[in-house]
Amino acid sequence: MVAGRVAAAGTVHDIIGGRTAVQVDTDSCEQAFTTLTNARLPVLLAGRSVRVTDTSAAEVEYVLATAGLSTRTTTVPSTLDETLITLSRAAATPAT
């Protein structure tokens, strides 16, 4: 449920579908998290990695490179939490 509406139904596998996230590995985890957050990207921490959902790897790499950060990015399957964040953002975005 998002804003009182059913955003997704089914099994976890059904809800996640083929969604992916970009995992960022770096020695500057805090700085990467702050940089991506300041760029208004949906960022989560996962252990010692930063994960960005609903965003292309190219966009994540561009934002981090522009900030002068050395990182390694990998596209990985989304988690249920990341998928729910994506659904929440979509529900909060006004239709144009």
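What counts, and where the lines are drawn
Residues numbered from 1 in each chain as written. Predicted model: local features only at pLDDT ≥ 70, side-chain atom pairs only at ≥ 80, totals over all residues. Heavy atoms only, no water. Axes fitted to C-alpha atoms, helices over the stretch in contact; angles between N-to-C directions. Helix = DSSP H or I, 4+ residues; strand = E, 2+ residues; numbered from the N terminus. Parallel < 35°, antiparallel > 145°, perpendicular 65-115°, else oblique. Left-handed = near helix turned anticlockwise from the far one by under 90°. Contact = heavy atoms within 4.5 Å. Nonpolar A, V, L, I, M, F, W, Y, C, P; charged D, E, K, R; others polar. Pairing = 2+ DSSP bridges. Salt bridge = Lys/Arg side-chain N within 4 Å of Asp/Glu carboxyl O. Buried < 20%, exposed > 50% of the residue type's maximum accessible area, 1.4 Å probe, protein only. Arc of directions from axis to C-beta. Polar contact = N/O pair within 3.5 Å; in protein donor to acceptor, adjacent residues only side chain to side chain.

Focus on the packing of helix H2 (residues 29-38) against helix H3 (residues 57-66)
- At a minimum axis separation of 10 Å, H2 and H3 run at an interaxial angle of 115°. When the axes of H2 and H3 are compared, the pair comes out roughly perpendicular. Like other packed secondary-structure pairs, H2 and H3 cross with a definite hand, here right-handed. Facing Ala-32, Thr-35 and Leu-36 of H2, the residues of H3 in contact are Val-60, Val-63 and Leu-64.
- Here the residues of the contact of H2 with H3 sort into five nonpolar, one polar and no charged.

Points about the pairing of strand E2 (residues 43-46)
- Strand direction decides the pairing type here: E2 and strand E3 (residues 49-53), joined by four bridges, are antiparallel. Looking across to E3, one finds that Ala-46 is bridged to Ser-49.
- Linking E2 to E3, which pair antiparallel, is a turn of two residues; within it Gly-47 sits at a positive phi near 65°.

Examining the pattern of salt bridges
- By the definition in use, this model includes two salt bridges.
- Asp-25 is paired through a salt bridge with Arg-72; the nearest N and O atoms lie 3.3 Å apart. Residue Asp-25 is located in strand E1 (residues 20-25), and its partner Arg-72 is located in strand E4 (residues 72-77); the two are separated by 47 residues in the primary sequence.
- Note that Glu-82 is salt-bridged to Arg-51, the shortest N-O span being 2.5 Å. Highlighted residues: Glu-82 in helix H4 (residues 80-92) and Arg-51 in strand E3, separated in sequence by 31 residues. You'll find Glu-82 and Arg-51 in the same group, each marked buried.

Points about H3
- For H3, every residue scored as buried is listed here: Val-60, Val-63 and Leu-64. For H3, the angular spread of buried residues about the axis comes to 95°, placing them on one side. With respect to the buried face of H3, the exposed residues turned more than 90 degrees away are Ala-58, Tyr-62, Ala-65 and Thr-66.
- Phi for Gly-68, located one or two positions after H3, is positive at around 80°.

Describing the side chain of Ser-78
- Mapped onto the fold, Ser-78 is located in the loop between E4 and H4.
- Take Ser-78: its relative accessible area is 7%, and that puts it in the buried class.
- Within the structure, the side chain of Ser-78 is placed 3.0 Å from the backbone oxygen of Thr-20, a separation counted as a polar contact.
- With sequence-adjacent residues up to four places away left out, Ser-78 is seen in contact with Ile-16, Arg-19, Thr-20, Ala-21, Arg-51, Thr-53 and Thr-83.

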